Amino acid sequence: MNYQKLDAALATALNDVQNLEEPSLAVFIHTESVLDSAATAVLESFGVSGVSSGKDIFTATLSPNAISQLSEEPWVKYLKRSQQLRLVNQRKSLGSFIA
């Protein structure tokens, strides 16, 4: 595994995973902007959808083993953990905003 290509959150999350084969980590895959057919095939084999020429950021839910393999690919620049987003306009009680 090339840890230089992983962000801190992803590296930490990898330590907490029990099953190395189960796709359980949502990640952003930053690649070179021009991918050859072999690179496209590798991404598609890991279940990455929407792989097309000209794109350089992809999202996928990957296993630790898949992350390890992708981190070793020369055309992968960076792997970043995706966080669960929440809506900004969710209602909160006004009491939590008033000091």
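Residues numbered from 1 in each chain as written. Predicted model: local features only at pLDDT ≥ 70, side-chain atom pairs only at ≥ 80, totals over all residues. Heavy atoms only, no water.

Student: Would you explain the overall build of the protein in this entry?
Tutor: Each helix and strand in the protein was counted, giving three helices and three strands. Of the regular secondary structure in the protein, the N- to C-terminal order runs α-β-α-β-α-β. A total of 99 residues make up the protein; the buried ones form 30% of that total. Within the protein, residue pairs in contact and separated by at least 24 positions form 75% of the contacts whose partners lie at least 6 positions apart. Split by element, the accessible area of the protein, about 6700 Å² in all, is 51% carbon and sulfur. (Helix = DSSP H or I, 4+ residues; strand = E, 2+ residues; numbered from the N terminus. Buried < 20%, exposed > 50% of the residue type's maximum accessible area, 1.4 Å probe, protein only. Contact = heavy atoms within 4.5 Å. Areas by Shrake-Rupley, 256 points an atom, 1.4 Å probe, with all protein chains shown as cover.)

Student: Sorry, what's going on with the environment of valine 27 here?
Tutor: Looking at the secondary structure, you find valine 27 in strand 1 (residues 25–31). Expressed as a C-alpha distance, the spacing of valine 27 and leucine 10, which sit 17 residues apart in the sequence, is 8.0 Å. Beyond its immediate stretch of four places on either side in the chain, valine 27 contacts Leu10, Phe58, Thr59, Ala60, Leu62, Ile67, Lys80, Arg81 and Ser82.

Student: Sorry, what's going on with the sheet that holds strand 3 (residues 76–81) here?
Tutor: Think of a sheet as strands paired side by side through backbone hydrogen bonds, with each pair either parallel or antiparallel. Sheet architecture is open: three strands sit in the order 2-1-3, paired in antiparallel fashion. Two strands lie at the open edges of the sheet, namely strand 2 (57–62) and strand 3, each paired on one side alone. On average, each strand axis in the sheet is tilted by 30° relative to the strand beside it, whichever way the strands run. Relative to strand 3, strand 1 runs antiparallel, the two sharing five bridges. (Pairing = 2+ DSSP bridges. Axes fitted to C-alpha atoms, helices over the stretch in contact; angles between N-to-C directions.)

Student: Help me understand helix 2 (residues 37–45) in this model?
Tutor: Given 3.6 residues to a turn, an α-helix orients residues that are three or four positions apart in the same direction. Between the side-chain oxygen at the start of helix 2 and the backbone nitrogen of alanine 38 there is a gap of 3.2 Å, and the oxygen is on aspartate 36. Immediately downstream of helix 2, the backbone of glycine 47 shows phi near 85°, a positive value. (Polar contact = N/O pair within 3.5 Å; in protein donor to acceptor, adjacent residues only side chain to side chain.)

Student: Help me out: how do you make sense of the pairing of strand 1 in this one?
Tutor: Along a regular strand, successive side chains alternate from one face of the sheet to the other. Here strand 1 shows a clear split, with Leu25, Val27, Ile29 and Thr31 buried on one side and none of Ala26, Phe28 and His30 buried on the other. With six bridges connecting them, strand 1 and strand 2 associate as antiparallel partners. By the bridge assignment, phenylalanine 28 is partnered in strand 2 with threonine 59.

Student: How should I be thinking about the side chain of aspartate 7 in this particular structure?
Tutor: By the element assignment, aspartate 7 lies in the segment before helix 1 (8–16). Although aspartate 7 is buried, it makes no salt bridge; lysine 80 carries the closest opposite charge, 4.1 Å away. Residues within four places of aspartate 7 in sequence aside, it is in contact with Tyr78, Leu79, Lys80 and Arg81. (Lys, Arg positive; Asp, Glu negative; His and termini not counted. Salt bridge = Lys/Arg side-chain N within 4 Å of Asp/Glu carboxyl O.)

Student: Please explain the nonpolar core as it appears in this structure.
Tutor: When a protein is soluble and globular, its nonpolar side chains tend to lie buried together. Counting 22 residues, the largest nonpolar core has Leu10, Ile29, Leu43, Leu62, Ile67, Leu70 and Leu79 as the members making the most contacts within it. Listing elements by their share of this core, those giving two or more residues are helix 1, strand 1, helix 2, strand 2, helix 3 (64–71) and strand 3. Setting aside residues no more than four positions away along its own chain, isoleucine 67 makes contact with Met1, Leu6, Leu10, Leu14, Leu25, Val27, Leu62 and Leu79. (Core = buried A, V, L, I, M, F, W, Y, C linked by side-chain atoms within 4.5 Å.)

Student: Where do I start with helix 1 in this structure?
Tutor: Every buried residue belonging to helix 1 is among Leu10, Ala11, Ala13 and Leu14, and all of these are buried. Buried residues along helix 1 cover an arc of 165° about the axis, so they all sit on one side. For helix 1, the exposed residues lying more than 90 degrees away from the buried face are Ala8, Asn15 and Asp16. (Arc of directions from axis to C-beta.)

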